[in-house]
Amino acid sequence: LEHPLSNVCYEELRPLLMRVDQQNKQIASQLEELKKTEAVRREFSANVSHELKTPLTSISGNASNLLAMGQDFDEETRKQLYTDIYENSMWLINLVENLLSITRLVEGRLNLNITEDLVDDVVAEALRHVNKKSAEHTIVTESGEEFLLARMDPRLIVQVIINIVNNAIEYTPA
């Protein structure tokens with residue numbers, strides 16, 4: 001037999017039980033988001049580790065060869081080893097700058113310096129800094145007869161163009 005007050009107690013607890021159920025659903029949703037965020041963080045860390053390890057290995061190996069046998073290499077070989085060291089170090093500098101920009105953007109600390117700039121000048125500046133492997137590719141820019149001004153943060157746009165062109169160079173056969 002039911003207790004005569006059981007329905008009264010249940011009705012009084014219903015709002016509380018509904019709130020607990022709603023909070024449980026929110027917690028489950030937040031937990032799912034945390035799992036997704038952690039998976040993205042792990043993948044990002046793995047990618048950054050790979051992007052760091054490859055040029056560092058090259059720099060270390062080339063420097064070691066120059067230290068151990070530099071006098072035995074002909075001038076052309078030495079120059080190529082120095083060039084490889086330089087290019088890989090520039091790659092790392094750009095990578096670190098990109099990571100710092102991402103961090104500032106995510107944290108809301110990225111200070112934009114919006115100015116009106118000539119698009120041709122920004123593109124030309126970016127192309128001066130692309131990976132030296134671009135010599136194996138032909139990069140063509142086309143512009144109209146009129147000057148095109150755009151409001152932008154030229155430093156960030158240069159960085160974006162460098163990244164796009166470097167990726168195109170890296171992943172497109174010569």
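First things first, this report covers the structure right here in the doc. In this text, all values refer to a predicted model and were calculated from it rather than measured experimentally.

## Focus: the nonpolar core
- Within the largest apolar cluster, nine residues are counted, these being V122, A126, V130, M152, V158, I161, I162, V165 and I169.
- Residue assignment for this core shows that the elements contributing at least two residues are α3 (119–127) and α4 (154–171).
- For this core, the element with the highest residue contribution is α4, accounting for five residues.
- Setting aside anything within four residues of it in sequence, one finds A126 in contact with V158, I161 and I162.
- By size, the runner-up hydrophobic cluster in this structure holds five residues, among which are L66, L81, I85 and L92.

## Side note on the pattern of salt bridges
- As enumerated under the stated definition, the model contains nine salt bridges in all.
- Between D21 and K25 there is a salt bridge; the shortest N-O distance is 3.5 Å. Here the residue D21 and the residue K25 both occupy positions in helix α1 (residues 6–69), the gap between them amounting to four residues, near one helical turn.
- Looking at K25, the relative accessible area reads 56%, which means it is exposed.
- The partner of E38 in a salt bridge is R41, and the shortest N-O contact between them spans 2.5 Å. A residue pair is termed a helical-turn pair when its members lie 3 or 4 positions apart in one helix, as E38 and R41 do in helix α1 at three residues.

## Observations concerning the side chain of Q159
- Along the chain, the position of Q159 falls in helix α4.
- Q159 gets classed as buried once you look at its relative accessible area, which sits at 13%.
- Engagement of the side chain of Q159 in a polar contact is seen with the side chain of N98, the distance being 2.3 Å.
- Ignoring anything within four residues of it in the chain, the contact list for Q159 reads E97, N98 and S101.

## A look at the packing of α3 against α4
- One way to put it is that α3 packs onto α4 with a least axis distance of 8 Å and a crossing angle of 50 degrees. Of the possible angle classes, the one that applies to α3 and α4 is oblique. The two elements α3 and α4 meet at a crossing, and its hand is right-handed. Here V122, V123, E125, A126 and L127 of α3 come into contact with α4, specifically with P154, I157, V158, I161, I162 and V165.

## Digging into the side chain of S101
- Counting through the fold element by element, S101 comes out in helix α2 (residues 75–106).
- Owing to a relative accessible area of 8%, S101 belongs among the buried residues under this scheme.
- Apart from residues lying up to four places away in sequence, S101 is in contact with L110, L156 and Q159.

## Let's talk about the packing of α2 against α4
- It is the contact of α2 with α4, at a shortest axis distance of 11 Å, that shows an interaxial angle of 125 degrees. It follows from the interaxial angle that α2 and α4 lie oblique. Classified by chirality, the crossing of α4 by α2 is left-handed. Of α4, the residues touching α2 (which contributes W91, N94, E97, N98, S101 and R104) are R155, L156, Q159, I162, N163 and N166.
- Of the residues assigned to the contact of α2 with α4, the class counts are three nonpolar, six polar and three charged.

Definitions and limits used
Residues numbered from 1 in each chain as written. Predicted model: local features only at pLDDT ≥ 70, side-chain atom pairs only at ≥ 80, totals over all residues. Heavy atoms only, no water. Core = buried A, V, L, I, M, F, W, Y, C linked by side-chain atoms within 4.5 Å. Buried < 20%, exposed > 50% of the residue type's maximum accessible area, 1.4 Å probe, protein only. Helix = DSSP H or I, 4+ residues; strand = E, 2+ residues; numbered from the N terminus. Contact = heavy atoms within 4.5 Å. Salt bridge = Lys/Arg side-chain N within 4 Å of Asp/Glu carboxyl O. Polar contact = N/O pair within 3.5 Å; in protein donor to acceptor, adjacent residues only side chain to side chain. Axes fitted to C-alpha atoms, helices over the stretch in contact; angles between N-to-C directions. Parallel < 35°, antiparallel > 145°, perpendicular 65-115°, else oblique. Left-handed = near helix turned anticlockwise from the far one by under 90°. Nonpolar A, V, L, I, M, F, W, Y, C, P; charged D, E, K, R; others polar.

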